[in-house]
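Coordinate analysis (summary)
Read off the chains here:
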Amino acid sequence: MGRVMSESEQDRARDPYTLGETDGGEGDEDHAVFWAEAVADDIEAREPTDPIVIKGGISPSGVPHLGNINEILRGYFVAEVLRDRDHEVRQVFTTDDRDPLRKLPRKLADLDGNIVDLGDVNAGALGQNLGAPYTEIPDPFGCCDSYGDHFSNLIADSAELLGVDIDIVSTTDLYEDGAFEELTRYVLDNQEKARDVLGQYQDKVDEDYVPFNPICGECGKVTETVTAVDTATGTVEYRCTGMEAGDRVIEGCGYEGAATLREGKLPWRFEWPAGWDVLNVDFEPFGKDHAEGSWPSGVDIAENVFEIQPPVPMVYEWFTLDGEPFSSSEGHVVLVHDVLELLEPEVVRFFFSKDPSKGRDFSIERLDLLVDDFDRTERLYYGDESGTEREEALAAEAYPPSIRPTVASRFSGAFGAGAWREMANDRGARETAAEHIDNVFGDCVRIPYTFAAVLGMFDDPALRADVARTEGHLTEDTPEWAVETALGRVELASEWARRTDNEFNYELKRSGIPEMDFDDATAAALDELADFVAEGHDGETIQGEIYETAKRHDVPIGDLFSAGYRLLFDESEGPQLGPFVAKLDREFVVERFRRNR
RNA sequence: GGGCCGGUAGCUCAGUUGGCAGAGCGUCUGGCUUUUAACCAGACGGUCGGGGGUUCAAGUCCCUCCCGGCCCGCCA
């Protein structure tokens, strides 16, 4: 501390957009290829004391979807870079659970991440709690202490599923335990200053504005009308009036009473900077919605009301889901729980390692592209493929934090007891992880995602491995753990094929014969093929016979394959035919090829 | 209306201090003399959102316009 920043440095420090522009004036300085490195540079430039604190946070207002995970994973990548630079890093995540419920979401989610319609829970009970803090509202699922706790738990689970170590801090707790009390008293003692600053950003700040919202002792709702303040005794008198919520007004009960400084909340514009102070926040990423409103006022309040230094900021653009904005209330969401049925966690983390300044679509339809991108990055990292200098440099930096939790869990025996995320700051464990990544894990094998989807048609795990072997994805030398990892993708990719019903979603049409129209030669060839299958041969032999049969009947080879796929899947393409039919029950194949049923 | 972020091949995107427009996927063609998955080779594909300017040189810097998103009431 103590270093005086120049004005331009200060401007840059406050600008949440200038990612990577870390030039100190010298043109030949290395330009960071990975945004998290650039952010880490900015944080280090302030000479922070360990532990460096990285914050994120959301209101537990409803389903925490993949877009909300930015609040966890953007910070994670920066944390990992700093840890690699031998800093101790604490990643905290505030659930802003003293915020009032302002409207009822249409969709909720149970603790397993299943989306549930509002009508399936006790909506009436929820409706009566509009205006009350999330932590004062009963959990509509009845499984957690409160509505707020329910959704905070889902967020905590999401982080855990992704192997990220976060300390979840309840804002309600910060008030109730008194952590915010000193700052609350300070703001109330310096209301004029607070009003002056906030008034530059909000028109409604007038003489009567009091930067504190008590919770009504009668109805439990957050109120806005403070009638008297006595910071010496630590009490605030209020009248419970209505609260605007969008285009509606939540009615107050009219009760007049007194609250302590712990029985209410600071308005968001103060609460955010208050959190920076109380938690000693050094860095905080936030969505673009905060960039032009909350952030500038937050900086101003931090510097000129609380007289603290705001954290290093970073804006991230929002993701869309299949081209449409995420919407918790409308149920257009995907949770980490869902995504991990389709992708390995390292691929999910990798998605968040990409440039935060670019809007990005999380396209379920084209998840194969994302996985291919990850696989290539992995190959670049291990030097199995070459790319541009920049690509290789980026892989060198972005791959390790993406894969680290996976490696730690795969080789958990080397790390002693406990989950990796509890060892994030452990130097020894990090060295072990690095050593594993650069040595044993180099034998990791990836089956291309779309091919994994093809393999998914085989119920028999042994057959999946067989085919992966014949295709050269697995060899004699592939270690057992790598075989498991590689084949683990098959379940994910076939779930993807099912969910998107794409061209890899081959479904064997057992119950009825698909519509078809074959010429005589093809029909004759199919009959002969049926006879051959009936004799009982292995897959390769059948595969060869398909060629021979086609040749004998002067049928273009492609036509005969098409005919087979049509009969089995009602598709024009499919898996390698011979080995596939060899694994099906013989009678079914024979009858089907004879077009009997 | 004002401020900010983004706009590169059909799709997904990469493009440090200005220095000959890139990758993957898709498509097409060919190869692997028995594989319609896999794999290999090649091709097609772009007025870098439009227009102006600075420069020997602009995707990159400046101005302007268009499109999309966010913010500019309240709330978070």
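The coordinates are above.
This section reports on the structure supplied with the text. (Residues numbered from 1 in each chain as written. Chains lettered and ligands numbered in written order. Predicted model: local features only at pLDDT ≥ 70, side-chain atom pairs only at ≥ 80, totals over all residues. Heavy atoms only, no water.)

**Examining the protein's contact with RNA strand B**
Just so we agree on the cut-off: The near set for a molecule or strand comprises every residue that places at least one heavy atom within 4 Å of it. By definition, any uninterrupted DSSP run of H or I lasting at least four residues is a helix, any uninterrupted run of E lasting at least two residues is a strand, and each is numbered from the N terminus.
Near RNA strand B there are 45 residues, and of these Lys288, Glu471, Tyr547, Gly558 and Ser562 occur at the shortest range. Close to the protein, within 4 Å, the atoms of RNA strand B belong to sugar or phosphate groups at a rate of 69%. Contributing elements (two or more residues each) for the surface near RNA strand B: α9 (268–279), α13 (367–382), α16 (449–455), α20 (539–552) and α21 (557–569). With five residues, α21 is the largest single contributor of residues to the surface near RNA strand B.

**Remarks on a negative patch on the surface**
Inclusion rule: Patch criteria: residues need more than 30% relative accessible area and no salt bridge. Like-charged residues are merged within 9 Å; nonpolar side chains of Val, Leu, Ile, Met, Phe, Trp and Tyr are merged within 5 Å. Accessible areas in this description were obtained via Shrake-Rupley with a 1.4 Å probe; residue shielding takes into account the shown protein chains only. A carboxyl oxygen of Asp or Glu within 4 Å of a side-chain nitrogen of Lys or Arg is what we treat as a salt bridge. In this tally Asp and Glu are treated as negative and Lys and Arg as positive; neither His nor the chain ends contributes. Charge coordinates come from a single atom per side chain, which is NZ of Lys, CZ of Arg, CG of Asp or CD of Glu.
Taken together, the side chains of Glu192, Asp196, Asp206, Glu207 and Asp208 make up a negatively charged region of the molecular surface. Within the secondary structure, glutamate 192 is located in helix α8 (residues 191–199).

**Side note on the sheet that holds strand β15 (residues 319–321)**
Whether parallel or antiparallel, the strands of a sheet pair through hydrogen bonds between backbone atoms. The following threshold applies: Paired strands, in this sense, are two strands between which DSSP finds at least two bridges.
Within the open sheet, the three strands sit side by side as β16-β15-β17. Their pairing is mixed. This sheet does not close on itself; its edge strands, each paired only once, are β16 (324–325) and β17 (360–362). Examined bridge by bridge, β15 and β17 share three bridges and lie parallel to one another. Within β17, the residue paired with threonine 320 across the bridge is aspartate 361.

**Here's the deal with the pairing of strand β8 (residues 235–239)**
Under the convention used in this document: When accessible area is computed with a 1.4 Å probe and restricted to protein chains, residues below 20% of their type maximum are described as buried, those above 50% as exposed, and intermediate ones as partly exposed.
Side chains Val236 and Tyr238 of β8 all project onto a buried face; the interleaved residues Thr235, Glu237 and Arg239 project onto a face where none is buried. Looking at chain direction, strand β7 (residues 225–230) and β8 are connected through five bridges and run antiparallel. Within the sheet, the bridge partner assigned to valine 226 lies in β8 and is tyrosine 238. Pairing between β8 and strand β11 (residues 256–260): five bridges, direction antiparallel. Within β11, the position partnered with arginine 239 by the bridge is glutamate 256.

**Some words on the packing of aromatic side chains**
Centre distance and the angle of the planes are the two values used to describe a pair of aromatic rings. In plain terms, the rule: Planes of paired rings set the category: under 30 degrees apart is stacked, over 60 is edge-to-face and the rest tilted, where pairs are Phe, Tyr or Trp rings (Trp by its six-membered ring) whose centres lie within 6.5 Å. Criterion for a charge above a ring: Lys NZ or Arg CZ within 6 Å of the ring centre, and within 35 degrees of the ring normal.
Going through the model one piece at a time under the given rule, you end up with 31 aromatic pairs. Between tryptophan 272 and tryptophan 295, the aromatic rings sit 6.1 Å apart at their centres with planes inclined by 70 degrees, giving edge-to-face as the arrangement. Taken together, the positions of tryptophan 272 in helix α9 and tryptophan 295 in helix α10 (residues 294–306) put the pair 23 residues apart, joining distant regions of the chain. Each of the two residues, tryptophan 272 as well as tryptophan 295, counts as buried. An aromatic cluster is defined as three or more aromatic residues linked by ring pairs; in this entry it consists of Trp268, Trp272, Trp276, Phe286 and Trp295. The side chain of lysine 288 reaches across the aromatic face of tryptophan 318, ending 5.8 Å from its centre.

**A closer look at α9**
Here is the rule we go by: Expected span, for any helix, means 1.5 Å times one less than how many residues it has.
Under the 1.5 Å per step criterion, the end-to-end length of α9 is 16 Å for twelve residues, consistent within 8% with the ideal 16 Å. Counting buried positions over the twelve residues of α9 gives nine, a clear majority of the element. Those residues of α9 not exposed but buried are Arg269, Phe270, Glu271, Trp272, Pro273, Ala274, Gly275, Trp276 and Leu279. Directly beyond the C-terminal end of α9, a positive phi value near 55 degrees is found at asparagine 280.

**Some words on the nonpolar core**
What counts here: Residue types Ala, Val, Leu, Ile, Met, Phe, Trp, Tyr and Cys, when buried and joined through side-chain atoms within 4.5 Å, form a set referred to as a nonpolar core.
Formed by 108 residues in total, the largest nonpolar core has its most connected members in Leu66, Val78, Leu343, Phe352 and Phe362. If you tally residues by element for this core, the top one is helix α18 (residues 480–500), at nine residues. Membership of the second largest hydrophobic core comes to 36 residues, among which are Leu188, Ile301, Ala302 and Ile308.

**What to know about the environment of valine 348**
Selection criterion: The criterion used for residue contact is that any of the two residues' heavy atoms lie within 4.5 Å.
As for its position among the elements, valine 348 is in helix α12 (residues 345–351). Relative accessible area serves as the criterion here: at 2%, valine 348 is assigned to the buried category. C-alpha of valine 348 to C-alpha of valine 305: the two residues are 43 residues apart in sequence and 40 Å apart in space. Ignoring sequence-local partners within four residues, the contact set of valine 348 consists of Leu66, Leu73, Leu162, Val339, Leu340 and Leu343.

**Description of the side chain of glutamate 545**
Note the following rule: Polar contact is the term for a pair of N or O atoms within 3.5 Å; when the atoms are in protein, one must be able to donate a hydrogen and the other to accept it, and sequence-neighboring residues count only if both atoms are side-chain atoms.
Mapping glutamate 545 onto the fold places it in helix α20. On the basis of relative accessibility, which here comes to 14%, the residue glutamate 545 falls in the buried class. Engagement of the side chain of glutamate 545 in a polar contact is seen with the side chain of arginine 552, the distance being 2.8 Å. In this structure glutamate 545 touches Leu529, Phe532 and Arg552, once residues within four positions along its chain are discounted.

**Looking at the pattern of salt bridges**
Pairing between side chains of opposite charge can happen when their charged atoms approach one another. In the structure shown here, the tally under the stated rule is 39 salt bridges. Notably, a salt bridge pairs arginine 489 with aspartate 375, separated by 2.8 Å at the nearest N-O pair. Of this pair, arginine 489 sits in helix α18 while aspartate 375 sits in helix α13; the two residues are 114 residues apart in sequence, bridging distant segments of the chain. Assigned by exposure class, arginine 489 and aspartate 375 land together as buried. Salt bridges linked by common partners bring Glu344, Glu346, Asp375, Glu378, Arg446 and Arg489 together as one network.

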